[in-house]
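So you can see what is in the structure, the chains are spelled out below.
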Amino acid sequence: AHLDKRHRDLLKALPYELRVRIVLPILRQKALQLDSSPETLRLLDEIGEPRVPPPRDAGPGGLQEPSFMAATGQADRITRQSEHTLTSALRSLSLRSLIVSLNRAPAGERQQNAIDDLLHHLRLRSGRLAALA
């Protein structure tokens, strides 16, 4: 499965914090189905850590929706339905594709390292699990 152009463009326009807010729950679910080790949990938590402290007037999850709207240039066209269809499309992606979708957004150094480490860790774990089967 892959994202259509509309979803790719929407995902590309999202700032890292909002992209993580949408992708991380799906990524967490799929990663934990493969490996629920403490290392996997730690890396997922690091990916979700904010790069900077949220502003005091931030909404749920420490995100300011207007900055997302300004970043996409689609203030009047971004709706809950768009987020819902994007989330549905993301659920159809492979674990690797979800990780890569986060990798394409500018992240802080710590988050970028956690994304790279998670991909490497899960590759190793999936190889070990396949060898055990």
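Above this text sits the structure in question.
Now for a quick tour of the structure. (Residues numbered from 1 in each chain as written. Predicted model: local features only at pLDDT ≥ 70, side-chain atom pairs only at ≥ 80, totals over all residues. Heavy atoms only, no water.)

### Considering helix H3 (residues 38-48)
For step 1, the next point in the chain: Taken residue by residue, H3 has Thr40, Leu43, Leu44, Glu46 and Ile47 as its buried positions. Buried residues of H3 fall within an arc of 160 degrees about the axis and therefore sit on the same side. (Buried < 20%, exposed > 50% of the residue type's maximum accessible area, 1.4 Å probe, protein only. Helix = DSSP H or I, 4+ residues; strand = E, 2+ residues; numbered from the N terminus. Arc of directions from axis to C-beta.)

### What about the side chain of Ser37?
For step 1, the next point in the chain: Mapped onto the elements of the fold, Ser37 is located in the loop between helix H2 (16-34) and H3.
For step 2, the next point in the chain: Ser37 gets classed as buried once you look at its relative accessible area, which sits at 12%.
For step 3, the next point in the chain: With near-sequence residues (within four places) excluded, Ser37 lies in contact with His121 and Arg125. (Contact = heavy atoms within 4.5 Å.)

### Quick notes on the side chain of Gln111
For step 1, the next point in the chain: Within the secondary structure, Gln111 sits in helix H7 (residues 109-132).
For step 2, the next point in the chain: Within the structure, the side chain of Gln111 is placed 2.8 Å from the backbone oxygen of Glu49, a separation counted as a polar contact. (Polar contact = N/O pair within 3.5 Å; in protein donor to acceptor, adjacent residues only side chain to side chain.)

### Re the packing of H2 against H3
For step 1, the next point in the chain: Remark: H2 packs on H3, axes separated minimally by 9 Å, with the N-to-C direction vectors making an angle of 165 degrees. Overall, the two elements H2 and H3 adopt an arrangement that is roughly antiparallel. Crossing handedness for the pair H2 and H3: left-handed. Within the contact between the two elements, H2 uses Tyr16, Val20, Leu24, Leu27, Arg28, Ala31 and Leu32 and H3 uses Thr40, Leu41, Leu44, Asp45, Ile47 and Gly48.
For step 2, the next point in the chain: Grouping the amino acids of the contact of H2 with H3 by side-chain chemistry returns 9 nonpolar, 2 polar and 2 charged. (Axes fitted to C-alpha atoms, helices over the stretch in contact; angles between N-to-C directions. Parallel < 35°, antiparallel > 145°, perpendicular 65-115°, else oblique. Left-handed = near helix turned anticlockwise from the far one by under 90°. Nonpolar A, V, L, I, M, F, W, Y, C, P; charged D, E, K, R; others polar.)

### A word on the pattern of salt bridges
For step 1, the next point in the chain: A full pass over the atoms with the stated rule returns 9 salt bridges.
For step 2, the next point in the chain: When the shortest N-O distance is used, the salt bridge between Asp9 and Lys5 registers 3.0 Å. Of this pair, Asp9 and Lys5 both sit in helix H1 (residues 5-13), 4 residues apart, which is roughly one turn of the helix.
For step 3, the next point in the chain: With a closest N to O distance of 2.7 Å, Arg42 and Glu39 form a salt bridge. Here Glu39 and Arg42 lie together in helix H3, a separation of 3 residues that amounts to about one turn.
For step 4, the next point in the chain: Judged by relative accessible area, Arg42 falls into the partly exposed class, the value being 36%.
For step 5, the next point in the chain: Take Glu39: its relative accessible area is 31%, and that puts it in the partly exposed class. (Salt bridge = Lys/Arg side-chain N within 4 Å of Asp/Glu carboxyl O.)

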